[in-house]
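# Understanding the architecture of this molecule
Now for the letters of each chain:
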Amino acid sequence: MKLYCMSDIHGCLAEFEEALSLVAEHLNDDDVKLILLGDYIHGGADNRGVLDRIMSLQYRYGSDKVVALMGNHEEFVLLGDSSIDCLIKTFADDYGDGEDDGYIRWMENLPRYYIEGNTIFVHAGIDEEAGDLWEWGTGEEVFTGKYPAETGRIENLDMKVVAGHVGTAEIVGDPKFHDIYYDGASHYYIDGTVLNSGRIPVLMVDTETDTYYSVTEDGTWLLLPYDVEN
């Protein structure tokens, strides 16, 4: 199985479409899935456009093939702290005409994590101290809001974690770095901080060979640890 992954779109529809153009030709293949790791809204100019695009992809291909996970920004909406368009909910948002009900029902059904092969896909992270009991030991708020990002080998868990939520520029301490970060052990982080970088990184996971690639306009490249590449 080949899994194409993106995260933290934040209302940036044009950038999302550009990233999708790198994978669209593969979506009709039986051994391909698209995994979206959450935070589809807040920041860019077209929150509903991003949601509509994801929902249309799921309608066309099925939600088993286009897997959308919950991020903390979707959770903010479900908790009533945010609206679709505003991170800080305004007084007017409390008196809407119900036009967002369909989006909210969709968000309510978003899973918090997804497993395929040797990889855990999640918006923010898992409780790594729980080891191979992470599914039972991780609180709901950790899946969507874990901070800061952890790196290094996860003890007692022979799996990789692919997550977004924390920009890779912050993880490596370089404001110019907006690519996929691999720590050489258990973690791949793919939030390229689209509001600053103008791009959404695309990760491809080949579950048959347990290999991880960066997908770009220039080709598909095997990911090496950040310390090796930099």
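Reading the values: the criteria
- Residues numbered from 1 in each chain as written.
- Predicted model: local features only at pLDDT ≥ 70, side-chain atom pairs only at ≥ 80, totals over all residues.
- Heavy atoms only, no water.
- Helix = DSSP H or I, 4+ residues; strand = E, 2+ residues; numbered from the N terminus.
- Rg over C-alpha atoms; globule rule 2.2 N^0.38 Å.
- Buried < 20%, exposed > 50% of the residue type's maximum accessible area, 1.4 Å probe, protein only.
- Contact = heavy atoms within 4.5 Å.
- Lys, Arg positive; Asp, Glu negative; His and termini not counted.
- Charge placed at Lys NZ, Arg CZ, Asp CG, Glu CD.
- Pairing = 2+ DSSP bridges.
- Axes fitted to C-alpha atoms, helices over the stretch in contact; angles between N-to-C directions.
- Core = buried A, V, L, I, M, F, W, Y, C linked by side-chain atoms within 4.5 Å.

## A look at the overall build of the chain
Helix and strand counts for the chain stand at 9 helices and 11 strands. Computed over its C-alpha atoms, the radius of gyration of the chain comes to 17 Å, within 12% of the 17 Å expected for a compact globule of 230 residues. For the C-alpha atoms alone, the extent of the chain along its principal axes is close to 50 × 40 × 35 Å. The proportion of buried residues among the 230 residues of the chain is 50%. At a minimum sequence separation of 6, the contacts of the chain that also span at least 24 residues come to 68%. Averaged over its 14 positive side-chain charges, the chain has a centre that lies 3 Å from the centre of its 46 negative ones.

## Description of the sheet that holds strand β10 (residues 211–216)
With mixed pairing, 6 strands are arranged side by side in an open sheet as β3-β2-β1-β9-β10-β11. Two strands close off the open sheet at either side, each with one partner strand: β3 (66–68) and β11 (219–222). Between one strand and the next, the sheet's axes are offset by a mean angle of 25°, whatever the strand orientation. Where strand β2 (residues 32–36) lies against β3, 3 bridges are found, and the strand directions are parallel. Within β3, the position partnered with L34 by the bridge is V66. Sheet strands touched by helix α2 (residues 47–61): β2 and β3. Its angle to β3, the strand with the most contacts, is close to 140°.

## Let's talk about the nonpolar core
Counting 33 residues, the largest nonpolar core has M6, F16, L34, Y40 and I54 as the members making the most contacts within it. Secondary structure elements with two or more residues in this core: β1 (2–6), α1 (13–21), β2, α2, β3, α4 (101–108) and β9 (202–206). Here the element with the most residues in this core is α2; it accounts for 5 residues. Beyond its immediate stretch of four places on either side in the chain, M6 contacts F16, A19, L20, V23, L34, I35, L36, L37, I190, I200, P201 and V202. Counting residues in hydrophobic clusters, the runner-up holds 17 residues, among them I35, F121, V162 and L203.

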